[in-house]
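Topology and contacts: notes
Listed here are the chains, written in short residue letters.
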Amino acid sequence: MEKDLYLQQIDYFKGAQVLHYFEFVEPQEVKDEYFAVHEIHAVVICDYEGEETMLFYLDDGLEVALEFECVIPKQAKEQTAQDFAGIDIQWKNK
């Protein structure tokens, strides 16, 4: 996949180091806290030099559709598993 190759080349996203990423085969829909529906194509877990971990849900242009601040990467993975229940997310490591 072209986007998958592009994600492999990204070491930093929004100024944070990319730790893990995953691209969905088919876009997935998720609702935000205001019940607006977002079409998500990929998810990225990033680290701001050990200060905070961010989870980004990306749209088809690899722009941030939703973002979450997490304490550790494990928390970000748990959030993703909850939001995309029933999908086997195989994280790719940087």
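Data block above holds the structure.
A brief report on the enclosed structure follows. (Residues numbered from 1 in each chain as written. Predicted model: local features only at pLDDT ≥ 70, side-chain atom pairs only at ≥ 80, totals over all residues. Heavy atoms only, no water.)

1. A look at unusual backbone geometry
- Phi at Phe35 takes a positive value of approximately 70 degrees, unusual for a residue other than glycine.
- By the element assignment, Phe35 lies in the loop between strand 2 (16–31) and strand 3 (37–47).
- Of note in this structure, Leu62 is not a glycine but carries a positive phi near 60 degrees.
- Residue placement: Leu62 occurs in the loop between strand 4 (53–58) and strand 5 (64–70). (Helix = DSSP H or I, 4+ residues; strand = E, 2+ residues; numbered from the N terminus.)

2. A word on the packing of aromatic side chains
- This model, assessed by the stated rule, comprises five aromatic pairs.
- Aromatic pair Phe24 and Phe84: ring centres 4.8 Å apart, planes at 45 degrees, arrangement tilted. Residue Phe24 is located in strand 2, and its partner Phe84 is located in the loop between helix 2 (73–83) and strand 6 (92–93); the two are separated by 60 residues in the primary sequence. Like Phe84, Phe24 is buried.
- Members of the aromatic cluster, joined through ring pairs, are Phe22, Phe24, Tyr57, Phe68 and Phe84. (Phe/Tyr/Trp six-rings, centres within 6.5 Å; stacked < 30°, edge-to-face > 60°. Buried < 20%, exposed > 50% of the residue type's maximum accessible area, 1.4 Å probe, protein only.)

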